[in-house]
Amino acid sequence: MCTRVFYETGRGSYITGRSMDWSDVEMATDLWAFPRGMERNGGTGEGTVRWTSAYGSVVLAIYSLATSDGLNEAGLAGNLLYLAESDFGDPQARAKPTISVGAWLQFLLDTCANVAEVVATMRDDPMTIITAEAPNGKPATVHLAFSDASGDSAILEFVGGELKIHHGRDYRVMTNSPVYDQQLAINAYWDLIGGQHFLPGTINAADRFARASYNLKSTPKFADRRAALAAVFSQMRAISTPLGMNDPEKPNISSTLWRTVIEHDAKRYYFDSVINPAVLWVDLESLDLSPTGAPLKLHLNDPSDQGGEVSGRMAPSEPFEFLVP
């Protein structure tokens, strides 16, 4: 469904890029700004997780049901990607507070300042993720990637009902199936062959992982901000899947619909659409993310989108409700 890379610049700063691949071209995508101080819950009724947001954030919501990508004001970025093998466990057997799969990423962006805090929050597996079908009928099974301005990174996925966390600066690439341990093993084989000689070329997740890893490793660490930003955009475009290229039996093999690029130090969030080609961005510092600020929304992929900084076009709106069964 997607690809994520985490790039170090020649200035010692970091940029996260990701693509969103999905079989439903009509998937609604909205840009949201959420202030800190919001009282929130996991959307699963009695026994749901409840929290007050400690950090404001700018996120992308899909289908008005799930936070799929975002950056908070502390410089923490999170990316939600499809993983067919995800198994969150039996909620009754786990007997823990519950949270919608659509709220999982938002909860961590709201409550954590960096990757280390994400790992500390989730280390003891404190909650049960409640999943459901997406509006296109595909199961909402996912894993998460987090990155921050210090260069730290973590991958979170549930396998066999147990949480697996890969935490460290070396975990810079993520795609979809198979589970992350197996992805690393497959990529180790391609590292031995060397990308200048041969790389797998299909749109399967394991092949994309190998190509994205080679591209990331081979790209210079540009000190110039514009060149570094262009390097990440070019990597995400190079790994994208052409529009219309889908496998109905495999949701993790789908067309690229959009890409995001996040400059952690500048706290700038870019959106690059393939449906309505235009690069939009938001400077978080231009928004009122204080407790007195209002949730703001901008519907994306509108034909009127002309690109540029769009914080002034976002309008007050009631927050969406998270996906539930």
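The text that follows walks through the structure, step by step, so that each part is easy to find. (Residues numbered from 1 in each chain as written. Predicted model: local features only at pLDDT ≥ 70, side-chain atom pairs only at ≥ 80, totals over all residues. Heavy atoms only, no water.)

**Regarding the pairing of strand β12 (residues 153-159)**
Across the seven residues of β12, six count as buried, placing the element largely inside the fold. Taken together, the four bridges between strand β11 (residues 142-147) and β12 define a ladder with antiparallel strand orientation. Pairing of Ala145 across the sheet is with Ile155, part of β12. Where β11 folds back onto β12 in an antiparallel hairpin, the turn is made up of five residues, including Gly151, whose phi is positive at roughly 100°. Between β12 and strand β13 (residues 162-167), which pair antiparallel and follow one another directly, the connecting turn spans two residues, one of which, Gly160, has a positive phi of 60°. (Buried < 20%, exposed > 50% of the residue type's maximum accessible area, 1.4 Å probe, protein only. Helix = DSSP H or I, 4+ residues; strand = E, 2+ residues; numbered from the N terminus. Pairing = 2+ DSSP bridges.)

**Focus: unusual backbone geometry**
The omega angle of the peptide bond from Ser177 to Pro178 is 0°, so this bond is cis rather than trans. You can see Pro178 is positioned in the loop between β14 (173-174) and α4 (180-193). Positioned with a positive phi, Asp125 is a non-glycine residue whose angle comes to about 55°. When you line up the elements, Asp125 lands in the loop between α3 (115-122) and β10 (128-130). Its identity is not glycine, yet Lys267 carries a phi of approximately 55°, on the positive side. Tracing the sequence through the fold places Lys267 in the loop between β15 (256-263) and β16 (268-273).

**Quick word on helix α6 (residues 225-238)**
Taking 1.5 Å of rise per residue, the 14 residues of α6 would be expected to cover 20 Å, and the 20 Å separating its terminal C-alpha atoms lies within 8% of that figure. Of the positions making up α6, those classed as buried are Ala228, Leu229, Ala231, Val232, Phe233, Gln235 and Met236. Where α6 is buried, its residues touch β1 (2-8), β2 (14-21), α5 (205-218), β15, β16 and β17 (279-283). Sitting at the head of α6, Asp224 places a side-chain oxygen 3.2 Å from the backbone nitrogen of Arg226. (Expected span 1.5 Å × (residues − 1). Contact = heavy atoms within 4.5 Å. Polar contact = N/O pair within 3.5 Å; in protein donor to acceptor, adjacent residues only side chain to side chain.)

**Quick notes on the sheet that holds β16**
If you walk across this open sheet you meet the seven strands as β14-β1-β2-β15-β16-β17-β19, and the pairing is mixed. Two strands close off the open sheet at either side, each with one partner strand: β14 and β19 (308-309). Across the sheet, α5 lies against β1, β2 and β14, angled at about 15° from β1, the strand it touches most. Most of the contacts of α6 go to β2, to which it runs at about 25°, and overall it touches β1, β2, β15, β16 and β17. (Axes fitted to C-alpha atoms, helices over the stretch in contact; angles between N-to-C directions.)

**Description of a nonpolar patch on the surface**
A cluster of nonpolar side chains, Val25, Leu243 and Ile275, forms an exposed patch at the surface whose accessible area comes to about 230 Å². Within the fold, Val25 resides in the loop between β2 and β3 (29-34). Residue classification places Val25 among the partly exposed residues on the basis of a relative accessible area of 35%. (Patch = residues over 30% accessible without salt bridge, like charges linked within 9 Å, V, L, I, M, F, W, Y side chains within 5 Å. Areas by Shrake-Rupley, 256 points an atom, 1.4 Å probe, with all protein chains shown as cover. Salt bridge = Lys/Arg side-chain N within 4 Å of Asp/Glu carboxyl O.)

**Quick look at the pairing of β11**
Judged by how many residues are buried, β11 sits mostly within the fold: six of six residues are covered. With burial as the criterion, each face of β11 is covered, one bearing Val142, Leu144 and Phe146 and the other bearing His143, Ala145 and Ser147. Here strand β8 (residues 77-82) runs beside β11; their pairing, made up of six bridges, is antiparallel. By the bridge assignment for β11, Tyr82 is matched with Val142.

**Looking at the packing of helix α2 (residues 104-111) against α3**
Relative to each other, α2 and α3 sit at 120°, their axes nearing to 10 Å. Viewed along their axes, α2 and α3 adopt a mutual orientation that is oblique. Here α2 runs over α3; the crossing is right-handed. Across the interface between the two elements, Trp104, Phe107, Leu108 and Thr111 of α2 pack against Glu117, Val118, Thr121 and Met122 of α3. Here the contact of α2 with α3 is built from residues that sort into five nonpolar, two polar and one charged. (Parallel < 35°, antiparallel > 145°, perpendicular 65-115°, else oblique. Left-handed = near helix turned anticlockwise from the far one by under 90°. Nonpolar A, V, L, I, M, F, W, Y, C, P; charged D, E, K, R; others polar.)

**Observations regarding the sheet that holds β13**
Spatially, nine strands are ordered β13-β12-β11-β8-β7-β6-β3-β18-β20 in an open sheet, and the strand pairing comes out antiparallel. Across the chains shown, the open sheet's two edge strands, defined by having one partner strand only, are β13 and β20 (315-316). Packed on one face of the sheet, α2 meets β3, β6 (57-62), β7 (66-72), β8, β11 and β12 and runs near 20° to β7.

Everything listed is a geometric property; what it means functionally is a separate question.
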